[in-house]
Amino acid sequence: MRNPLSLYSAGALAVLALSSACSDSTSPGGYGTMVVKLTDAPFAGDSVRSVDIFVVRVDGRAADADSATADSGMDNPSSGGWQALAAPNAVINVLAFQNGAATTLGTASLSAGTYSGFRFIIDPSRSSVTLKNGTVLSGTSSPSVTFPSASRSGIKILLTQPVTIVGGASTTFLVDFDVNNSFVMRGNSIDKNGLLFKPVIRATVTDAATVNANVRLANASSGALDFRQNGTALAGSSAIAFGTSSACSSVNATTPALTITQAGLTTALTGYAPVFVAGNSYTSVAYPTATGGVQFVTLANTAPATGMAGLRVFNATTATAGYDVYVTTSGAALGTPTIANTLAGAAAALVNVAAGAQQVRLTAAGGTTTLLDLGSQTFTAGQPTTLVIAPPATGTSALRAFLVPGC
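Residues numbered from 1 in each chain as written. Predicted model: local features only at pLDDT ≥ 70, side-chain atom pairs only at ≥ 80, totals over all residues. Heavy atoms only, no water.

Chemist: Explanation requested: the overall build of the protein in the structure shown.
Modeler: Broken down by element type, the protein carries 3 helices and 34 strands. Here the protein, with 407 residues, has 48% of them falling under the buried criterion. Contacts in the protein between residues at least 24 apart in sequence constitute 73% of all its contacts with a sequence separation of at least 6. Accessible surface, the protein as shown: approximately 16400 Å² in total, 52% of it carbon and sulfur. (Helix = DSSP H or I, 4+ residues; strand = E, 2+ residues; numbered from the N terminus. Buried < 20%, exposed > 50% of the residue type's maximum accessible area, 1.4 Å probe, protein only. Contact = heavy atoms within 4.5 Å. Areas by Shrake-Rupley, 256 points an atom, 1.4 Å probe, with all protein chains shown as cover.)

Chemist: What is the right way to look at the pattern of salt bridges in this model?
Modeler: Pairs may arise between side chains of opposite charge once their charged atoms sit close together. Taken as a whole and assessed by the stated rule, the structure comprises 7 salt bridges. Residue R57 pairs with D59 through a salt bridge whose shortest N-O separation is 2.8 Å. Across the pair, exposure class does not vary: R57 and D59 are buried alike. Linking R119 and D59 is a salt bridge whose minimum nitrogen-to-oxygen distance equals 3.0 Å. Separated by 60 residues along the polypeptide, R119 in strand 9 (residues 117–122) and D59 in strand 4 (residues 48–61) bring together distant segments of the chain. The buried category is assigned to D59, whose relative accessible area is 0%. Beyond isolated ion pairs, a larger network of salt bridges with shared partners links R57, D59 and R119. (Salt bridge = Lys/Arg side-chain N within 4 Å of Asp/Glu carboxyl O.)

Chemist: What's the story with the sheet that holds strand 17 (residues 183–185) in this structure? I'm lost.
Modeler: Think of a sheet as strands paired side by side through backbone hydrogen bonds, with each pair either parallel or antiparallel. Taken together, the 3 strands give an open sheet; going across it, the order is 12-18-17, and neighbouring strands pair in mixed fashion. At either end of the open sheet lies a strand with only one pairing partner, and these are strand 12 (145–146) and strand 17. Bridge analysis of strand 17 against strand 18 (residues 195–197) gives 3 bridges, and the strand direction is antiparallel. Bridge pairing links V184 to L196 in strand 18. (Pairing = 2+ DSSP bridges.)

Chemist: I tried to follow the nonpolar core on my own but got confused; where do I start?
Modeler: Taken as a class, soluble globular proteins show a tendency for nonpolar side chains to be buried jointly. Grouped together as the largest cluster of nonpolar side chains are 39 residues, with contacts concentrated most on V51, F120, V129, I157 and F183. In terms of residue count, strand 4 provides more of this core than any other element does, 5 residues in total. Membership of the second largest hydrophobic core comes to 18 residues, among which are V313, V327, F379 and A401. (Core = buried A, V, L, I, M, F, W, Y, C linked by side-chain atoms within 4.5 Å.)

Chemist: Sorry, what's going on with the packing of aromatic side chains here?
Modeler: With the rule as written, the count across this model stands at 9 aromatic pairs. Considering the side-chain rings of F183 and F197, the 4.9 Å spacing of their centres and the 40° angle between planes classify their relative orientation as tilted. Taken together, the residues span a long stretch of sequence, with F183 in strand 17 and F197 in strand 18 at a distance of 14 residues. Each member of the pair F183 and F197 is classed as buried. Counting every residue linked through ring pairs, the aromatic cluster contains F120, F147, F177, F183 and F197. The ring centre of W82 lies 4.3 Å from the NZ or CZ of R119, which sits over that ring. Between R400 and the ring centre of F242, over which it is positioned, the NZ or CZ distance is 3.7 Å. (Phe/Tyr/Trp six-rings, centres within 6.5 Å; stacked < 30°, edge-to-face > 60°. Lys NZ or Arg CZ within 6 Å of the ring centre and 35° of its normal.)

Chemist: Sorry, what's going on with the side chain of T342 here?
Modeler: Structurally, the position occupied by T342 is in strand 29 (residues 339–342). Relative accessible area serves as the criterion here: at 3%, T342 is assigned to the buried category. The contact partners of T342, leaving out residues within four places of it in the chain, are V313, N315, G322, Y323 and A348.

Chemist: Where do I start with unusual backbone geometry in this structure?
Modeler: For the bond running from S142 to P143, omega is -5°, close enough to zero to count as cis. Residue position: P143 is located in the loop between strand 11 (136–137) and strand 12. Within the chain, N89 stands out as a residue other than glycine whose phi angle is a positive 45°. Note that N89 resides in the loop between strand 5 (83–86) and strand 6 (90–93). The phi torsion at A257 lies on the positive side, around 55°, for a residue other than glycine.

Chemist: How should I be thinking about the side chain of T283 in this particular structure?
Modeler: Among the structural elements, T283 can be located in strand 25 (residues 281–288). Within the local environment of T283, its side chain forms a polar contact with the side chain of N301, the two groups lying 3.3 Å apart. With residues up to four places along the chain from it excluded, the contact list for T283 reads R216, V297, T298, L299, N301, R312, T386, V404 and G406. (Polar contact = N/O pair within 3.5 Å; in protein donor to acceptor, adjacent residues only side chain to side chain.)

Chemist: For this particular structure, what's the right way to read the sheet that holds strand 23 (residues 249–252)?
Modeler: Reading across from one edge, 23-20-25-26 is the order of the 4 strands in this open sheet, with mixed pairing throughout. Because the sheet does not close on itself, it has two edges, and the strands there are strand 23 and strand 26 (294–301). Looking at each pair of strands side by side, their axes are set apart by 35° on average, direction ignored. Bridge count for strand 20 (residues 212–219) against strand 23 is 4 bridges, and the pairing is antiparallel. Its bridge partner being in strand 23, N214 is matched across the sheet by S250. (Axes fitted to C-alpha atoms, helices over the stretch in contact; angles between N-to-C directions.)

Chemist: How do you make sense of the environment of T338 when you look at a structure like this?
Modeler: Mapping T338 onto the fold places it in the loop between strand 28 (323–328) and strand 29. For the pair T338 and Y326, spaced 12 residues apart in the sequence, the C-alpha separation amounts to 4.9 Å. Excluding anything up to four places from it in sequence, T338 contacts V325, Y326, V327, V351 and V353.

Here's what the structure looks like:
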């Protein structure tokens, strides 16, 4: 997904990040959309009609940036780890967006993660302050607005906390372009002595990580399912067949309003009542009961060790004995089980496995005969994966299993 940007004239610039398709991307945490907005705290200058700032771009990066770094390399937004979040290239009267009003500056898609550096780039040569008597103060007028430079200026945005972008979620980043404190009157009056521009730009953050949780549905039951929110199928979550899973979705952790139905139907299947904690990701599994119904389990995903992938096993069968799972290099001897004796209806704790291509095999608990060989499977560093062991299809005896990447 893409992220919109907006502008406040009361002194605040807001960036809203809406995440996209979770772990379906190359980034383990998926991508998020950042919306940049600008606002402004009320300006005390009674003689000022408008404060017209030419906003070139808003950039962000993972690493923090001091004022000198924010003011360098502005012609190449990709240098120094910066990424352009909004590029309005337009004059904006920030006084038009006071008292909670905001305007969107643009959108950008960001990899899930934490971002600590943001800068606000303006063009002083195209910025000005207009007084109520019609006088326009610019960098070259007399009186004037004294800007820090005649060309582009990169202004560090002061954060109250780093910004967390969550895959499939949204984050609001409200940047306060504090006009009242950014323009200092020179002498006794603006119309005689002009103004000095000393930018004060702050930001507050409302992370989706503090409100939302990410979840996807894996289907180990025999019929196709729809994953719905408020009665409507979520994006990428219709007609989920056996052995497949939905897209990741970001939902309010307190009131997710989720239901699961048979594909194409609207009547909710009973028994799905997940409990989420904001900022966490989950895998829900639909699997058969002993009598042919559908039941559900929701598993919290935890991060593996740095540089490793994570694996957890959920046994969706009704077998009386458990299963051992082996994750090895291709063709290696079984050795010691990676995860041992996972019983029916139970989930094993997540363990660390090597990232990259690994052979996955299943045996009966304590046995040495391979019941199912999933062949080479690719595990991604930093990503938890759930191996769902499913019962044989109707009329067959062959065990089934499939992998579900975490959001």
